[in-house]
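Listed here are the chains, written in short residue letters.
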Amino acid sequence: MKFDLYLFDLDDTLLDFQKSQNIAFEKSFSEFGILNAMSLYFSDYKRISQNLWDQFERNEIQKEVLRVRRFEVLFEQYGIQLDAHKFSDLYLHHLSDNNFHIEYSVDVLRAIKDANKKIGIITNGIKAVQYKRLEASNLKTFFDFIVVSEESGSAKPHVGIFEYAFQLAQMPKNNAIIIGDKIEADILGGLNAGISTCWFNPYNKQNSTPHIQPHYEIKSLLEILNFK
Ligand SMILES: [Mg+2]
């Protein structure tokens, strides 16, 4: 096992966020009496939500604002008469309740733990949601520590959240790696923090930010176990 400290992103790296999001979106709308929300609104919602998360990563918007604002914008666009606060609460409830492992996540975490290496989570997601998802997915026991950006006062790609993680790990960063699916947050963050970086890219996406280059690129989590 090449590294002593493995930092994992959570969403779409260990847990299939896209699948959870689809279910939470459809269920929440149907409980408010709106059917076919996926085909009607989902692509616009994803764009709106992604824009707001990008703003969050640039320190331009608070997470508390983002979680409601994305639905306010969508509802305004389509003239939907729903309370965005209530809708957001219901959506986050369903998001917490529907969890799916990314292929091989458990096998890889178990192998790293069995090798007595440290493992941490480093996520920008919403704190209450992320802790519930880690519990419900039975992944929580693998981690020596969990860092949600709300707790560290800093979010990926900023260096503060990584320094907070190194403190919790009680080890220097010189043999650490971050594994994540998002170049602008996970890889740029790892580079900013001066550690090794691994881009989890299962669908062979193009790197749209070629000035940011990961040390490793993998299609399957299993490849982590073969790093030389
Ligand atoms: Mg992610």
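Preceding this paragraph is the structure being described.
Residues numbered from 1 in each chain as written. Predicted model: local features only at pLDDT ≥ 70, side-chain atom pairs only at ≥ 80, totals over all residues. Heavy atoms only, no water.

Details of helix H9 (residues 183-193)
Quick reminder: α-helices carry 3.6 residues per turn. Residues three or four places apart thus point the same way.
Reasoning step 1: Turning to H9, its buried residues number three or more, namely Ile183, Ala185, Asp186, Ile187, Gly189, Gly190 and Ala193.
Reasoning step 2: Against the buried residues of H9 lie helix H2 (37-57), helix H8 (159-169), strand E4 (176-180) and strand E5 (196-200). (Buried < 20%, exposed > 50% of the residue type's maximum accessible area, 1.4 Å probe, protein only. Helix = DSSP H or I, 4+ residues; strand = E, 2+ residues; numbered from the N terminus. Contact = heavy atoms within 4.5 Å.)

A short note on the side chain of Lys156
Reasoning step 1: Along the chain, the position of Lys156 falls in the loop between helix H7 (149-152) and H8.
Reasoning step 2: Classification of Lys156 as buried rests on a relative accessible area of 2%.
Reasoning step 3: Here the side chain of Lys156 touches Ile122 through a polar contact of 2.8 Å, landing on its backbone oxygen.
Reasoning step 4: In this structure Lys156 touches Asp9, Glu57, Ile122, Thr123, Asn124, Ile161, Phe162, Ile178, Ala185 and Asp186, once residues within four positions along its chain are discounted. (Polar contact = N/O pair within 3.5 Å; in protein donor to acceptor, adjacent residues only side chain to side chain.)

Thoughts on the packing of aromatic side chains
Reasoning step 1: Across all of its chains, the model carries 20 aromatic pairs by this definition.
Reasoning step 2: With centroids separated by 6.2 Å and ring planes inclined at 80 degrees, the aromatic side chains of Phe29 and Phe75 adopt a geometry described as edge-to-face. Of this pair, Phe29 sits in helix H1 (residues 17-31) while Phe75 sits in helix H3 (residues 63-78), and the two are 46 residues apart along the sequence.
Reasoning step 3: Under the relative-accessibility criterion, Phe29 is labelled buried at 0%. (Phe/Tyr/Trp six-rings, centres within 6.5 Å; stacked < 30°, edge-to-face > 60°.)

Concerning the sheet that holds strand E6 (residues 216-218)
Reasoning step 1: Spatially, E3-E2-E1-E4-E5-E6 is the arrangement adopted by the six strands of the open sheet, whose pairing is parallel. Of all the strands in the sheet, just strand E3 (145-148) and E6 have a single pairing partner and so form its edges. Across the sheet, the axes of successive neighbouring strands diverge by a mean angle of 20 degrees, strand direction being ignored.
Reasoning step 2: Judged from the four bridges that link them, E4 and E5 form a sheet pairing that is parallel. Across the sheet, Ile178 pairs through a bridge with Thr197, a residue of E5.
Reasoning step 3: Against the sheet, helix H5 (residues 105-114) makes contact with strand E1 (5-8) and strand E2 (118-123), and its axis sits at roughly 155 degrees relative to E1, the strand it touches most.
Reasoning step 4: The sheet contacts of H9 involve E4 and E5, and relative to E5 the element is tilted by about 165 degrees. (Pairing = 2+ DSSP bridges. Axes fitted to C-alpha atoms, helices over the stretch in contact; angles between N-to-C directions.)

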